[in-house]
Number of protein chains: 2
Amino acid sequence: MSPVRLPDALVERGVEGKKIVLLVLDGLGGLPHPDSGLTELETARTPHLDALAKRSSLGSMIPVSPGITPGSGPGHLSLFGYDPVEYLIGRGALSALGVGFDLRAGDLAARLNLATLDQEGRIVDRRGGRPSDDEGQRVVEKVRKHLRPPEGVEVFLQHEKEHRVVLVLRAPDLGAHLADTDPQALGVPPLPVKALDPKSERSAALLTDVLGQIMTILGDEARVNGVLARGFAAYEGYPGFQERYGLRALAIAQYPMYRGVARLVGMDVLDIPADLPGLVTVLEKHFHDYDFFFLHVKYPDSRGEDGDFTGKVKAIESVDPLIPQILELGPEVLVVTGDHSTPATFRAHSWHSVPVLLASSWARPTGARFGETECRTGDLGTFEGKHLMALALAHAGRLSKFGA
Amino acid sequence: MSPVRLPDALVERGVEGKKIVLLVLDGLGGLPHPDSGLTELETARTPHLDALAKRSSLGSMIPVSPGITPGSGPGHLSLFGYDPVEYLIGRGALSALGVGFDLRAGDLAARLNLATLDQEGRIVDRRGGRPSDDEGQRVVEKVRKHLRPPEGVEVFLQHEKEHRVVLVLRAPDLGAHLADTDPQALGVPPLPVKALDPKSERSAALLTDVLGQIMTILGDEARVNGVLARGFAAYEGYPGFQERYGLRALAIAQYPMYRGVARLVGMDVLDIPADLPGLVTVLEKHFHDYDFFFLHVKYPDSRGEDGDFTGKVKAIESVDPLIPQILELGPEVLVVTGDHSTPATFRAHSWHSVPVLLASSWARPTGARFGETECRTGDLGTFEGKHLMALALAHAGRLSKFGA
């Protein structure tokens, strides 16, 4: 007998109401400022979050496992209850989903960087001088026009942003265990496409053909005259939120990447206005049509990566006024957390735990405000991200008892 | 290679003395009272437990995994160090063990409800008007007398309590992946016995025969004229406490269910007086004959399920005077905890963590009293129930070092 996966096996089906809102402040967790000893979240003036914390269960969430720094994909898969070690996915597939590409099970996806090569074919700029979106779209269009797909293979090419392009090959039985062609170094040529297992030999041959054609087509360009491929991935198809949790789920996210990972787990996805009040407007509009809402705010992570402590504090503060508006809708459970830490002093994603606030009628409150210090001694303890969905479902009355 | 199971692999064999007492207050964990902000345990006057807490290691135990509400079976398996996701067992097998039935590996067990059907065979009362124990025993005796077991199959039927009856089929290779016949609804007939995998097809056919005969035999009864079957389970046989931990173990529990799960892991089981002082009298009497003692007190859970906050407080208080008597015997380790939370405000088992007190010469004391708040920041941290036995064994000096 295969092991029972909890909580899937315990999900109550056909539950009406009892809605769950998951508000993700990307990169929320921080490190103390050297002067004050307070993290970004602890420095931020967040009266609404603090009032909510007083009647919520708090905890510290380890995104994947101790010491592991997750990218956005694994970080969000974990938040959604999909152990990212089990549900492994490459950046290529995530990017394809992020640009709204209709990725199907078996598709082989990769992320391409538009790059600048010198006359000997050595890499001069791994990002092709960061072309404008117009310029990026122009060269992708040019490639599309001239590329001749290998026999029996469909090739899709889509511009993502600046130097980033998504490449998808569709054909039966494409292995995806392939090494990046991006050497992540200058002054050397791109690496050949190399299969890392026998099943991926044919994919390597097909990609060698396709990438070779792209190089030829771009050969007469001044700046963007080459491509580097990374993150090869075959998308296997995941059991979705409806199937696993009985939840009709909506993703309300400003950036393609996050809409992509939400689509991966079967959430409906909306293009929304880029400002913060827009998030809640969309939530209000669709509140009766779904059971689960994933709201994603990007800015705390961006400011953290900039090393901008004050900017990250302000990005967190700007979310605080949304809280009463969300509560006004009366969700059964509101979770506020991040997908990982991005401490401004560290200027990058990190492995540090992330504060969690879970508001529910069945909370065990312990803290006076929302911050790393209070969350550390919260009732939820320190737990791995993959358990968050079980906690949210339990507090929403959507899980039955395990065993008699 | 199969994984090493810790702590089994590290158990010191032939250790004399160094006794462990596990005192389980069923449903111990609670939620704060809206007026006081204190849980049931925090409200209770427990001078002996508090004094003990001051010199014990404290912790918060997650019964199975975050968000999961365990039934009594999985909750206790976890306390005994058997991961309940791995050692899955149905209510039928637990009930069979609970009534003292000599369940053997391969037996197929189910729990039957004596029920009332109308003339069209539709369910009128799923509990047959809650018959008296005498009445329940009478109809079970009547069925026993007339039932003709299918060829090559032994059929055992035993009354449990009120409307509850245990049914066991003994024959080679009986699959137990079967859907309940209890539709958990009124005005509809019982469901047919349905196999959920090919291996269980024969079991379904045998059960259809047996349940059909029972219906016929009870057909002329006024109230108890039908049965509903739930929790089909084949008991696979578990490695016992002696084998896994080198412990001669005794269960001292008032209710059949808890004696059943204790017998499942190879504990000796005694029928005991129903009053609390009786628990300790039995413990005193047998203290020299065993290494491990499981004492089970049911009342905190019962009062929690009643929604009776004060009643649960009193049930906890009534256990407090037993503590000095237990300590008097000089166990190496005394653990006081619950198998899950049953908050009175929630009126049901819940997923919330359970306070743990572990008294030992090697404790790291942190708290001033025994309660959720002090346990949350205790030295044992927040841990899953399946680790409790390793902690108890370690503090009792019964585990050797892992590796050189």
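Keep in mind that what you see is a predicted model, and the values were worked out from it rather than measured. (Residues numbered from 1 in each chain as written. Chains lettered and ligands numbered in written order. Predicted model: local features only at pLDDT ≥ 70, side-chain atom pairs only at ≥ 80, totals over all residues. Heavy atoms only, no water.)

## Focus: the pairing of strand β12 (residues 292–297) of chain B
Residues and elements named next belong to chain B.
Okay, step 1: By the criterion of burial, β12 is predominantly enclosed, with six of the six residues buried.
Okay, step 2: The alternating pattern of β12 places F292, F294 and H296 and F293, L295 and V297 on opposite faces, both of which are buried.
Okay, step 3: Looking at chain direction, strand β1 (residues 20–25) and β12 are connected through six bridges and run parallel. In the strand pairing of β12, L23 is matched with L295.
Okay, step 4: Examined bridge by bridge, strand β10 (residues 249–253) and β12 share five bridges and lie parallel to one another. (Buried < 20%, exposed > 50% of the residue type's maximum accessible area, 1.4 Å probe, protein only. Helix = DSSP H or I, 4+ residues; strand = E, 2+ residues; numbered from the N terminus. Pairing = 2+ DSSP bridges.)

## Here's the deal with the sheet that holds strand β14 (residues 354–359) of chain B
Sheet strands pair by backbone hydrogen bonding; their relative direction is either parallel or antiparallel.
Residues and elements named next belong to chain B.
Okay, step 1: Strand order across the open sheet formed by eight strands is β11-β10-β12-β1-β13-β14-β2-β15, with mixed pairing between neighbours. Both outer strands of the open sheet, β11 (268–270) and β15 (382–384), are each paired with one neighbouring strand and no more. On average, adjacent strands in this sheet sit at an angle of 25° to one another, irrespective of strand direction.
Okay, step 2: Sheet topology places β1 next to strand β13 (residues 333–337); five bridges connect them, and they run parallel. (Axes fitted to C-alpha atoms, helices over the stretch in contact; angles between N-to-C directions.)

## Quick look at the relation of the copies chain A and chain B
Okay, step 1: Least-squares fitting of chain A to chain B yields an RMSD of 0.2 Å, with the superposition described by an axial translation of 0.3 Å and a rotation of 126°.
Okay, step 2: In this assembly the copies use different faces: only 4% of the residues contributing to the interface of chain A also contribute to that of chain B. (Least-squares fit on C-alpha atoms with pLDDT ≥ 70 in both. Contact = heavy atoms within 4.5 Å.)

## Thoughts on the pattern of salt bridges
Residues and elements named next belong to chain B.
Okay, step 1: Tallied over the entire structure, the rule returns 42 salt bridges over all chains.
Okay, step 2: Between E40 and K312 there is a salt bridge, and its shortest N-O distance comes to 3.4 Å. Note that E40 is positioned in helix α1 (residues 40–43) and K312 in helix α11 (residues 309–317), a separation of 272 residues in sequence.
Okay, step 3: For K312, a relative accessible area of 0% corresponds to the buried category. (Salt bridge = Lys/Arg side-chain N within 4 Å of Asp/Glu carboxyl O.)

## Considering the side chain of B:T46
Okay, step 1: You can see B:T46 is positioned in the loop between α1 and α2 (47–53).
Okay, step 2: For B:T46, the residues in contact, after removing those within four places along its chain, are B:I316, B:E317, B:D320 and B:R369.

## Quick word on the nonpolar core
Okay, step 1: Ranked by size, the top nonpolar core spans 94 residues in total, and within it A:L23, A:F80, A:F241, A:M267, A:F292 and A:F294 carry the most contacts.
Okay, step 2: Within the second largest apolar cluster, 85 residues are counted, among which are B:V265, B:L279, B:F309 and B:V319. (Core = buried A, V, L, I, M, F, W, Y, C linked by side-chain atoms within 4.5 Å.)

## Section: the sheet that holds strand β14 (residues 354–359) of chain A
Residue and element names in this part refer to chain A.
Okay, step 1: Read across the open sheet, the eight strands follow the order β11-β10-β12-β1-β13-β14-β2-β15; overall the sheet is mixed. Each of the sheet's edge strands pairs with one partner strand only, and the pair in question is β11 (268–270) and β15 (382–384). Averaged over all neighbouring strand pairs, the angle between strand axes comes to 25°, with direction disregarded.
Okay, step 2: Relative to β14, strand β2 (residues 56–62) runs antiparallel, the two being bridged by six bridges. Looking at the pairing, S57 lines up with L358 of β14.
Okay, step 3: Lying over the sheet, helix α8 (residues 256–264) contacts β10 (249–253), β11 and β12 (292–297), oriented at roughly 160° with respect to β11.
Okay, step 4: Contacts from helix α14 (residues 388–395) reach β1 (20–25), β2, β12, β13 (333–337), β14 and β15, with the element oriented near 155° to β13.

## A word on the interface of chain A and chain B
Many authors give the size of an interface as the accessible area that is lost as the parts come together.
Okay, step 1: In this assembly, 24 residues from chain A lie in contact with 32 residues from chain B.
Okay, step 2: Carbon and sulfur atoms supply 68% of the area buried between chain A and chain B, which totals about 2,200 Å² over both sides.
Okay, step 3: Taken together, the connections running from chain A to chain B amount to one salt bridge.
Okay, step 4: Between A:D379 and B:R376 there is a salt bridge; the shortest N-O distance is 2.9 Å.
Okay, step 5: Applying the counting criterion to the chain A and chain B interface returns eight residue pairs in polar contact (both at pLDDT 80 or more). (Buried area = accessible area lost by both parts, 1.4 Å probe. Polar contact = N/O pair within 3.5 Å; in protein donor to acceptor, adjacent residues only side chain to side chain.)

## Observations concerning the environment of A:E42
Residues and elements named next belong to chain A.
Okay, step 1: Tracing the backbone shows E42 in helix α1 (residues 40–43).
Okay, step 2: Overall, the relative accessible area of 10% leaves E42 in the buried class.
Okay, step 3: Counting along the chain gives 10 residues from E42 to P32, while the straight-line C-alpha distance between them is 8.6 Å.
Okay, step 4: When neighbours within four sequence positions are excluded, E42 is seen to be in contact with G37, R369, G371, E372 and T373.

## Some thoughts on helix α3 (residues 72–79) of chain A
All names here are of chain A.
Okay, step 1: Most of α3 is tucked away, with seven of its eight residues classed as buried.
Okay, step 2: Among the residues of α3, S72, G73, G75, H76, L77, S78 and L79 are the ones counted as buried.
Okay, step 3: Positive phi shows up at G81, right after α3, with a value of about 90°.

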